[in-house]
Structures are given as C-alpha cells and as structure tokens.
Amino acid sequence: GHSDAAFMLGWIHQMGETGKIDYEQAANWYRKASETVLNQKAQFNLRGMIEAGQVRWQNGDPGQPPEVTPDKAPASPTTTLRSASQSG
C-alpha cells in the first residue's frame, strides 16, 4: 500500500540510492509512512535517525525527544521487526 511505498522512498533517500544521502527527505517519507497505518519499520528507522542526530525530533515522532546515541543499523525493506508482545 501507500505506507509501504512511502517507506521505500524513505529508505532510498536514507541509503543514498538517489545519488546522495538526504536524511531530511528520508525522515519526511518515514513520517508519511507512519501517518495512515502503524509502519513499525518506518518508525524504527526514523527513531534511529533522530537518535543518531541525523534529523531533529518533531512532535508526533516516535518516543520523546531523545539524547543522541550511537548509530543503529536501519531496518531494510526486508527486515521483520518483532512486536512488543514478542520481546522479552
């Protein structure tokens, strides 16, 4: 659906598949992916970019305004994230 397409556009910009890395565009697409449905991969990647200091946290983004932490590997389009009920 549209959420998956928006996630893919975010991934393309975050990884530099357009010829340059554009974190702001990636964050915009990840936010769009999360607007209509709960897109966990988009939220995970957006949170990682915020924590790495690549983009600023905005109201409505996942979590609270973070402290900058070391980079985390972004979720790829084929990553399967465990739900909260599976973690433990």
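Quantities reported herein were computed from a predicted structural model and do not represent experimental measurements.

Chemist: I'm lost on the pattern of salt bridges in this one. Help?
Modeler: When the charged atoms of two side chains with opposite charge come close together, those side chains can pair. This model, assessed by the stated rule, comprises two salt bridges. With a shortest N-O distance of 2.8 Å, Asp61 and Arg31 are connected by a salt bridge. Separated by 30 residues along the polypeptide, Asp61 in the segment after helix 3 (40-51) and Arg31 in helix 2 (residues 23-36) bring together distant segments of the chain. By relative accessible area, Arg31 is classed as buried at 13%.

Chemist: I tried to follow the environment of Ala75 on my own but got confused; where do I start?
Modeler: The topology assignment puts Ala75 in the segment after helix 3. Taking the C-alpha atoms as reference, Ala75 lies 9.7 Å from Gln43; in sequence the two are 32 residues apart. Aside from chain neighbours lying at most four places away, what touches Ala75 is Phe7, Trp11, Lys41, Phe44 and Asn45.

Chemist: Help me understand the nonpolar core in this model?
Modeler: A general feature of soluble globular proteins is that nonpolar side chains tend to end up buried together. Listed in full, the 12 residues of the largest apolar core are Ala6, Phe7, Trp11, Ala26, Ala27, Tyr30, Ala33, Ala42, Leu46, Met49, Ile50 and Val55. For this core, the secondary-structure elements that each account for two or more residues are helix 1 (2-15), helix 2 and helix 3.

Parameters at a glance
Residues numbered from 1 in each chain as written. Predicted model: local features only at pLDDT ≥ 70, side-chain atom pairs only at ≥ 80, totals over all residues. Heavy atoms only, no water. Salt bridge = Lys/Arg side-chain N within 4 Å of Asp/Glu carboxyl O. Helix = DSSP H or I, 4+ residues; strand = E, 2+ residues; numbered from the N terminus. Buried < 20%, exposed > 50% of the residue type's maximum accessible area, 1.4 Å probe, protein only. Contact = heavy atoms within 4.5 Å. Core = buried A, V, L, I, M, F, W, Y, C linked by side-chain atoms within 4.5 Å.

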